Amino acid sequence: MAFLSKLFGKKDKEEIIEDVEEIEEIEEDIEDVEDIEDIDEDFEDIEDVEDIEDVEDIENIEDIEDVEEEPEEEAVEEAVEEEEEIEATKQSFWQKLKSGLSKTKNALFGQVDELLKSFVKVDEDLLEELEELLIMADLGVGATEEIIDELRDRVKDGRLKEKEQVMDALKEIIEGMIGEHKPLKLDTTPSVILVIGVNGAGKTTSIGKISKRLRLSGKKVVVAAADTFRAAAIEQLEVWCERAKVDMVRQNEGSDPAAVVFDAISYAKKKNADVLIVDTAGRLQNKTNLMNELAKINRVIDRELPCADRENLLVLDATTGQNAIIQAKEFSKAANITGITLNKLDGTAKGGIVISIKRELGIPVKFIGVGEKIDDMREFDAHDFIEALFD
C-alpha cells in the first residue's frame, strides 16, 4: 500500500482500488486492440498471399494455353500451306492437262470438226468417216464401234438431227464409257500399292508422284525398292522418294525382291505407316520369271499383311498406243490389276487410249501423267479429261 500511496498520492483505500481496476480494464482493452490489429495484419498477409497465388495461377493458365496454342497454330499453318500447295497443283495440272492433250485434241476433234464442215446433215456417210477418225486416234476398234452404234441409235430415234449436235453427243457417249472415277482403296493401316510395268513406262517417276500426293493428303508413306535387277533403279527411286519426302527401304542390287518387301513391311508396321508402295521389276521377256517373282512377293504380303487393302497399279506409256493394251493383257495374267497409271499423255496424239483401256480391259485409269515433274500427275477424272479434250 505504501507504493500505491506514493503512486496515487493521498487517496483513500477504496479510491486506490478503483483506480487499479480501471487501469487493468484499460490494459485489457489495449491488448484486445493489439490482437485485432494483429489479426487484421494476418488477414492482409493471407489476402496478399492469395493474390499472389491467384496471379501465379493465372500466369500458369496462360502458360498452359500458350503451350497448347503453339502446336495448334503450327498445325493449322502447315495444313493451310499444304492446302494451298494442293490447290496450286490442281490449277497448274489443269492447264498442263489441257496443253498435254492438245495433240490428241487436234488429231481427233480437230479432224472431226473439219469433217462436220463438209457435211450438210448427219447421215451414214458421215458416221463411216467419223469411225475411221476415231480408230486412227487409238480409241480402238471395239470402243469406236460402240460409239458409232450409239450415234446411229440417236439418229434413228430423233435425238441426233443436226451435225452441230455431233460433238456434244460424242462428249456424252465417251464420258459415259469411261465411267466415274474410282479412287484408291487404302483404308487399312498399312495398305499396299504394288506398282507393275515395263521398263521405260515411268514406274519410278509414278511412284514418286503418287507418294507425294498421298503425303499431302495426310498419309504416311513407305516405299519398298523391290526392283533389284536394274543397276540404277534403286538410286533413281531414292531420288524421287527424297523429292516426295517419304521413307524408302532398300537392299543391295541383286537382292531377293521378296526379302526387300518383307523388310519394308516390318518397317511400315514399326513406323505405323498408312501406305506401303512396292516397286517391282519390269520385264516381259520371260513371262514365267515375272509371274514367279510377283507370286513370291504376293505371298509375302498375304502372309505378313493378310487383311491389308491392296491396289495393283499397272503403269503404261500412252505413246505406245494400242501396244499398251497388249502389255496390260500380259500383266493381267501375272497379277490382278486394279488400276492403270497412264503416263506421257502430253507427248502423244493417242490420248484416246484411255477410252480403249476401259472398254477392252474393264480396268479403270486411276492416275494420269502429263510431264516429268513431281506435280505432273493426279487422279484421273473422266469429266476433267473430256472437258480438256473438247475445250
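Let me begin by describing the structure that accompanies this report.

About the cut-offs
- Residues numbered from 1 in each chain as written.
- Predicted model: local features only at pLDDT ≥ 70, side-chain atom pairs only at ≥ 80, totals over all residues.
- Heavy atoms only, no water.
- Helix = DSSP H or I, 4+ residues; strand = E, 2+ residues; numbered from the N terminus.
- Buried < 20%, exposed > 50% of the residue type's maximum accessible area, 1.4 Å probe, protein only.
- Areas by Shrake-Rupley, 256 points an atom, 1.4 Å probe, with all protein chains shown as cover.
- Phe/Tyr/Trp six-rings, centres within 6.5 Å; stacked < 30°, edge-to-face > 60°.
- Lys NZ or Arg CZ within 6 Å of the ring centre and 35° of its normal.
- Salt bridge = Lys/Arg side-chain N within 4 Å of Asp/Glu carboxyl O.
- Core = buried A, V, L, I, M, F, W, Y, C linked by side-chain atoms within 4.5 Å.
- Contact = heavy atoms within 4.5 Å.
- Pairing = 2+ DSSP bridges.
- Axes fitted to C-alpha atoms, helices over the stretch in contact; angles between N-to-C directions.
- Left-handed = near helix turned anticlockwise from the far one by under 90°.
- Patch = residues over 30% accessible without salt bridge, like charges linked within 9 Å, V, L, I, M, F, W, Y side chains within 5 Å.
- Lys, Arg positive; Asp, Glu negative; His and termini not counted.
- Charge placed at Lys NZ, Arg CZ, Asp CG, Glu CD.
- Parallel < 35°, antiparallel > 145°, perpendicular 65-115°, else oblique.
- Nonpolar A, V, L, I, M, F, W, Y, C, P; charged D, E, K, R; others polar.
- Right-handed = clockwise from strand over helix to strand, strands pointing away.

Turning to the overall build of the protein chain, a few remarks are in order. Of regular secondary structure, the protein chain possesses 13 helices and 8 strands. Within the protein chain, the proportion of its 391 residues that are buried is 42%. Surface exposure of the protein chain reaches about 21,000 Å², of which carbon and sulfur atoms provide 48%.

Taken as a whole and assessed by the stated rule, the structure comprises 1 aromatic pair. Note that Arg 243 overlies the ring of Trp 240, its terminal NZ or CZ placed 4.5 Å from the centroid.

This next bit is on helix H13 (residues 382–390). For H13, the buried fraction is high: 7 of the 9 residues fall into the buried class. Listed as buried for H13 are Ala 382, Asp 384, Phe 385, Ile 386, Ala 388, Leu 389 and Phe 390.

Turning next to the pattern of salt bridges. On inspection of all chains with the given rule, the structure shows 26 salt bridges. Several salt bridges converge on common partners, so that one network encompasses Glu 150, Arg 154, Asp 157, Arg 159 and Glu 172.

We now examine the nonpolar core. Counting residues in each nonpolar core, the largest one holds 105 residues, and the members touching the most others are Leu 151, Ile 277 and Leu 342. Ranked by residues supplied to this core, first place goes to helix H6 (residues 166–178) with 8 residues. Apart from residues lying up to four places away in sequence, Leu 342 is in contact with Leu 316, Asp 317, Ala 318, Ile 353, Val 354, Ile 357, Val 365, Phe 367, Ile 368 and Gly 369.

With that settled, consider unusual backbone geometry. Looking along the chain, the bond that leaves Thr 189 and enters Pro 190 is cis, with omega of -5°. Inspection of the secondary structure puts Pro 190 in the loop between H6 and strand E1 (191–196). In this structure, Lys 245 takes a positive phi of about 65° despite not being glycine. Its location among the elements puts Lys 245 in the loop between helix H8 (233–244) and strand E3 (247–249). With a phi close to 55°, Asn 272 is a non-glycine residue in the positive phi region. By the secondary structure assignment, Asn 272 is in the loop between helix H9 (257–270) and strand E4 (275–279).

Turning our attention to the sheet that holds E3. Taken together, the 8 strands give an open sheet; going across it, the order is E3-E2-E4-E1-E5-E6-E7-E8, and neighbouring strands pair in mixed fashion. Of all strands in the sheet, those with a lone pairing partner are E3 and strand E8 (377–379), marking the two edges. Strand-to-strand, the axes of this sheet are offset by a mean angle of 25°, without reference to chain direction. With 5 bridges joining them, E1 and E4 adopt parallel strand pairing. If you follow Ile 193 over to E4, its bridge partner there is Ile 277.

Here we come to the packing of helix H11 (residues 322–334) against helix H12 (residues 353–361). Contact geometry of H11 with H12 gives a least axis separation of 10 Å together with a crossing angle of 35°. Considering only the axes of H11 and H12, their crossing is right-handed. Facing H11, whose interface residues are Gln 322, Ile 325, Ala 328 and Lys 329, H12 presents Ile 353, Ser 356, Ile 357, Glu 360 and Leu 361.

Another aspect to go through is a negative patch on the surface. On the surface, Asp 125, Glu 128, Glu 129 and Glu 132 cluster together to form a negatively charged patch. Looking at the element boundaries, Glu 128 is found in helix H4 (residues 124–136).

If you want to describe how two helices pack, look at the angle between their axes and the distance between the axes. Relative to each other, H6 and H12 sit at 50°, their axes nearing to 9 Å. Taken together, the axes of H6 and H12 lie oblique to each other. Crossing of H6 over H12 shows left-handed handedness. Residue-level inspection shows Ile 174, Met 177 and Ile 178 of H6 in contact with H12, the latter providing Val 354, Ile 355, Lys 358 and Arg 359. Its residues assigned to classes, the contact of H6 with H12 shows 5 nonpolar, no polar and 2 charged.

Turning next to the pairing of strand E5 (residues 310–317). Most of E5 sits inside the fold, with 7 of its 8 residues counted as buried. Pairing geometry for E1 and E5, over 5 bridges, is parallel. When the bridges of E5 are listed, Val 195 appears paired with Leu 313. Relative to strand E6 (residues 339–343), E5 is paired through 5 bridges, and the arrangement is parallel. Note on E6: the bridge partner recorded for Leu 314 is Ile 340. Considered for its hand, the β-α-β crossover made up of E5, H11 and E6 is right-handed.

In short, the description is geometric, and any link to function would need to be established separately.
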